[in-house]
Amino acid sequence: MIDINKIKPKVKDESDKYSWNLYNFLNRLFNKSGVGKYYKKQLEIHWLHNSRWDGSYLEFNKDKLNLNQILILPSGKQHYRGTFYELSLIMGKGKATEFALPYSYETTDITEWFFNTYERDGRCIFDREHNGWWQGDKERFTYINNTRKCNWCGEWHKKEIKKVQVIKREETWV
Ligand SMILES: [Zn+2]
């Protein structure tokens, strides 16, 4: 069972290592009268293999998580095949519409991996390159000389100065 207190941001309404929207969504789901206690036991996170972009088959790759391919199934897949929410909408907007899971959807259950990794690395789970821009990421890095430490997942990075040659094109009329 998921203990959402472990992925709760420190300040209300603010994301830090963890997304406030995701925490708040799960919290509301688990406290829903009547069904909340079942969701708490049955909720699953799934990777959707059918690309939402062009329908092609996407392998689950834990180092390249595409937010758009992750679904939250409040009552799991076994129960009436279930319904789903889109994780990207939940994280971006704080809410999403609940849909029935279409039969054409091929999914893999990543619940355990997802929560263990999210608890450990926070939102870096979605941004292993550390290039992303996230709301509430001001405290993400600690800079020491030419190195920086990611305060969410603990990774260290070294700054490299690269020489880039630029070819300039000018248009002239002769
Ligand atoms: Zn990180």
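On a predicted model such as this, the values are computed, not experimentally measured, just so you know.

Considerations on the overall build of the protein
Counting its regular elements, the protein contains four helices and eight strands. If you list the helices and strands of the protein from N to C, you get α-α-β-β-β-α-β-β-α-β-β-β. At 20 Å, the protein has a C-alpha radius of gyration far larger than the 16 Å of a compact globule built from 174 residues. Along the longest, intermediate and shortest principal axes, the C-alpha atoms of the protein span 75 × 45 × 25 Å. Relative to its 174 residues, the protein shows a buried fraction of 21%. Long-range contacts, defined here as pairs at least 24 residues apart, represent 51% of the contacts in the protein between residues at least 6 apart.

So, the nonpolar core
Ranked by internal contacts, the top residues of the largest apolar core, which has 20 residues, are Leu22, Ile70, Leu71, Ile72, Leu73, Leu87 and Ile90. Contributing elements (two or more residues each) for this core: α1 (20–30), β1 (44–48), β2 (70–73), α3 (87–93) and α4 (111–121). For isoleucine 72, the contacting residues outside a window of four places in its chain are Leu43, Ile45, Phe84, Tyr85, Leu87 and Ile90.

Examining the sheet that holds strand β7 (residues 147–150)
Across the sheet, three strands lie side by side as β6-β7-β8; this open sheet has antiparallel pairing. Of all strands in the sheet, those bounded by a partner on one side alone are β6 (141–144) and β8 (156–158). Direction aside, neighbouring strands of the sheet carry axes that sit 25 degrees apart on average. For β7 and β8, the ladder comprises three bridges, and the chain directions are antiparallel. The residue of β8 that forms the bridge with threonine 147 is lysine 158.

A look at the sheet that holds β2
Neighbouring strands of a sheet are bound in pairs by backbone hydrogen bonds; such pairs are parallel or else antiparallel. Strand order in the open sheet formed by five strands is β4-β3-β2-β1-β5, with antiparallel pairing between adjacent strands. In the strand order of this sheet, the two ends are held by β4 (99–100) and β5 (107–109), each with one partner. Sheet topology places β1 next to β2; four bridges connect them, and they run antiparallel. Note that in β2 the partner of isoleucine 45 across the bridge is isoleucine 72.

Considering unusual backbone geometry
Phi is positive for aspartate 13, close to 70 degrees, though the residue is something other than glycine. For aspartate 13, the location among the structural elements is in the segment before α1.

Considering the pairing of strand β3 (residues 83–86)
Only one face of β3 is buried, namely the one carrying Phe84 and Glu86, since none of Thr83 and Tyr85 on the opposite face is buried. Here β2 runs beside β3; their pairing, made up of two bridges, is antiparallel. Within β3, the position partnered with isoleucine 72 by the bridge is tyrosine 85. Taken together, the two bridges between β3 and β4 define a ladder with antiparallel strand orientation. Looking at β4, one finds that phenylalanine 84 is bridged to phenylalanine 99.

What counts as what
- Residues numbered from 1 in each chain as written.
- Predicted model: local features only at pLDDT ≥ 70, side-chain atom pairs only at ≥ 80, totals over all residues.
- Helix = DSSP H or I, 4+ residues; strand = E, 2+ residues; numbered from the N terminus.
- Rg over C-alpha atoms; globule rule 2.2 N^0.38 Å.
- Buried ≥ 20, exposed ≤ 12 C-beta atoms within 10 Å, placed from the backbone.
- Contact = placed C-beta atoms within 7 Å.
- Core = buried A, V, L, I, M, F, W, Y, C linked by C-beta atoms within 7 Å.
- Pairing = 2+ DSSP bridges.
- Axes fitted to C-alpha atoms, helices over the stretch in contact; angles between N-to-C directions.

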